[in-house]
Every structure is written in C-alpha cells, then in structure tokens.
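Structural overview
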Amino acid sequence: MSRFNGKTVLVTGGSSGIGLATAQAFAAQGAKVIITGRDSATLAKAQDVLGADALVLQSDAGSKAAAKQLASTLRERGITLDAVFLNAGTARFASLEGADESLWDLIFDVNVKGPFFTVQALRPLLNHGAAIVLNGSINAHIGMPNSSIYAASKAALISFAKTLSAELVGDGIRVNVVSPGPISTPLYGKLGVLAEQLSEVAASIQAQVPLKRFGTPEEVASAVTYLAAPESAFIVGTELIIDGGMSQL
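Anyway, here's the lowdown on the structure attached to this text. Owing to the predicted nature of the structure, the values given are computational and were not obtained by experimental measurement. (Residues numbered from 1 in each chain as written. Predicted model: local features only at pLDDT ≥ 70, side-chain atom pairs only at ≥ 80, totals over all residues. Heavy atoms only, no water.)

1. What about the overall build of the chain?
Scanning the chain for helices and strands turns up seven helices and seven strands. Traced from its N-terminal end to its C-terminal end, the chain shows the element sequence β-α-β-α-β-α-β-α-β-α-β-α-α-β. In terms of its C-alpha atoms, the chain occupies a principal-axis envelope of roughly 50 × 35 × 35 Å. Intrachain contacts of the chain at a sequence separation of at least 6 include 71% that bridge at least 24 residues. Carbon and sulfur atoms make up 54% of the accessible area of the chain, which totals about 11500 Å². Between the centroid of the 18 positive side chains of the chain and the centroid of its 20 negative side chains there is a distance of 6 Å. (Helix = DSSP H or I, 4+ residues; strand = E, 2+ residues; numbered from the N terminus. Contact = heavy atoms within 4.5 Å. Areas by Shrake-Rupley, 256 points an atom, 1.4 Å probe, with all protein chains shown as cover. Lys, Arg positive; Asp, Glu negative; His and termini not counted. Charge placed at Lys NZ, Arg CZ, Asp CG, Glu CD.)

Structure (structure tokens):
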C-alpha cells in the first residue's frame, strides 16, 4: 500500500511501543517518517528498525522549549508535515492519598502541556489537509481506582481533539484522537508497580476485556494511519476507541 507516498509524518514518542509500530506502518505505506523520543539508546534501536531514511530526533515531550526547538529543527531542514501522531505520554498511578504535586506535574507536563505546545509550535509547518492524531486512553471514560491524574490528562486530550479541530478546520487541518485500552507495550513496565505484582495486575486487566486479551501496538497503528489518510477526510474532532470492548460492553 502506498497511500502516504510523498507525505511526511511525525510521530512523537516513536522509539517503542505504539509509537514505533505506527512509524513502521507509515513507512510501509510510503511516508517519510520522523520520530522523537527522550532516550538516546532507545532512539538508536528505533533507527535500526526504521532504517536510514527515517529522521530520528531527541526531544523532551513535556517541554514547551523542546517543542519550539523541534519545530525550528524541522524548519531549518525545509520539512513540512502532512500528519502528526502525538503519541508521547506517561502513565503513573497513585491513590488520592498517595498522589503528590510532582506526580501531577509530570503527568500533565508530558500528556497535556507537551501535546498542546507541540501543535502550537508545529502549526506553521502543517500542510493544507494535514491530519493530527492524539493518543488518548479509555481511562478518561472509566473509573479505574488510582488513575485520577492520568485519566484527567487523557480527558484533556479528547477535549483538544474537538477544540483544536474547531480552530484549525478552516485551514483544512483535522484533529482526531485514538483512545486505546490495554495494549501490550513497554508502558506497563513503567506504571510504578512492583515487578512481582505486574503479572497479577495484567491478568486482572485482561479479565475485564470482553475479547480476553490485550491489544497490539499494530492494531492501534492501523487506526492512526486510517485517521491520517485521505479516506478519513470527513472525520473531524472524533475519538476512536480501541479497547476490545472494555469500556463499551
């Protein structure tokens, strides 16, 4: 398939998990792919996977200054964008009593402030007809204990899909959001859960999914590429839930 031939796509947090799978999907369909990430070692591995044609950039997804620098780097290279997948995010769970201000700041910096100011910085580089896809979560829709801050950050992204669409639609730019449920990615190893508890947590989550399995990064990638492709041109400000029925049934 070559529906992204001649197109340039940026994937933030593109060095592993859903981000890397989506970057691979875009590349396989003809796109020139740019990815960002914070960890240099993980980025180097992603470069090996994506090949020399991919542009790999180190960038802090939770920093407004980093977003401006990213835009400046692309501008200096003469790059404009046809699609952006704002995938970079962080997940940390804590109870009401156990949450502190540093946890709030971390989650909202990476999951809310970063995406907003990245769109702001990249706006002059977006071609007419460009698509922006945000990575939300079904946690915005379900009352999972200990997820209050994380869920609120993802609810903000779902709101961005509507409000930013309203601002940008006149320029032919669409904004939509994918909201995955439990997906098999390295993120589950970063939840702040002790290693010996992780398998128990995973089994508990899987039992709540009607399909009785975790989703795959490739399944989310298929949804993202669809929302970025011409065939979804009439879809604006919409959320696509990918959760095996977990929040629906």
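2. Some remarks on the sheet that holds strand β1 (residues 8-12)
Taken together, the seven strands give an open sheet; going across it, the order is β3-β2-β1-β4-β5-β6-β7, and neighbouring strands pair in parallel fashion. What marks the edges here is a single partner per strand, and that holds for β3 (55-58) and β7 (239-242). For this sheet the average axis-to-axis angle between neighbouring strands, irrespective of direction, equals 15°. Pairing of β1 with strand β4 (residues 81-86), which is carried by four bridges, proceeds in the parallel orientation. (Pairing = 2+ DSSP bridges. Axes fitted to C-alpha atoms, helices over the stretch in contact; angles between N-to-C directions.)

3. A few points about the pairing of strand β6 (residues 174-180)
Along any regular strand, the residues point their side chains to alternate faces of the sheet. The buried count for β6 comes to seven of seven residues, which makes it a mostly enclosed element. Pairing of β6 with β7 involves four bridges; the strand directions are parallel. Bridged to Ser 179 within β7 is Ile 241. (Buried < 20%, exposed > 50% of the residue type's maximum accessible area, 1.4 Å probe, protein only.)

4. Comments concerning the side chain of Ser 147
Assignment of secondary structure puts Ser 147 in the loop between β5 (126-135) and α5 (148-168). For Ser 147, a relative accessible area of 2% puts it in the buried group. Looking at Ser 147, its side chain comes within polar contact range of the main-chain oxygen of Met 144, at 2.7 Å. When neighbours within four sequence positions are excluded, Ser 147 is seen to be in contact with Phe 93, Ala 94 and Asn 139. (Polar contact = N/O pair within 3.5 Å; in protein donor to acceptor, adjacent residues only side chain to side chain.)

5. What to know about the nonpolar core
Membership of the largest hydrophobic core comes to 36 residues, with the highest contact counts inside it found for Ile 34, Leu 74, Leu 81, Val 84, Leu 122, Ile 132 and Leu 134. Among the elements of the structure, β3, α3 (64-76), β4, α4 (101-122), β5, α5 and β6 are those that each provide at least two residues to this core. Take this core: its biggest share by element is eight residues, from α5. Those residues in contact with Ile 34, other than ones at most four positions away along the chain, are Thr 8, Val 9, Leu 10, Val 11, Leu 55, Leu 57, Leu 74, Ile 79 and Leu 81. Among the nonpolar cores identified, the runner-up in size contains 28 residues, and Val 33, Ala 46, Val 133 and Ala 223 belong to it. (Core = buried A, V, L, I, M, F, W, Y, C linked by side-chain atoms within 4.5 Å.)

6. Some thoughts on the pattern of salt bridges
Enumeration over the complete set of coordinates arrives at four salt bridges. Across the salt bridge formed by Arg 123 and Asp 171, the nearest N and O atoms sit 2.7 Å from each other. Of this pair, Arg 123 sits in the loop between α4 and β5 while Asp 171 sits in the loop between α5 and β6; the two residues are 48 residues apart in sequence, bridging distant segments of the chain. A relative accessible area of 26% places Arg 123 in the partly exposed class. Of the charged contacts, one joins Glu 219 and Arg 213 as a salt bridge, the two residues approaching to 2.8 Å between their closest N and O atoms. (Salt bridge = Lys/Arg side-chain N within 4 Å of Asp/Glu carboxyl O.)

Take it as geometry only, folks, not as evidence of what the structure does.
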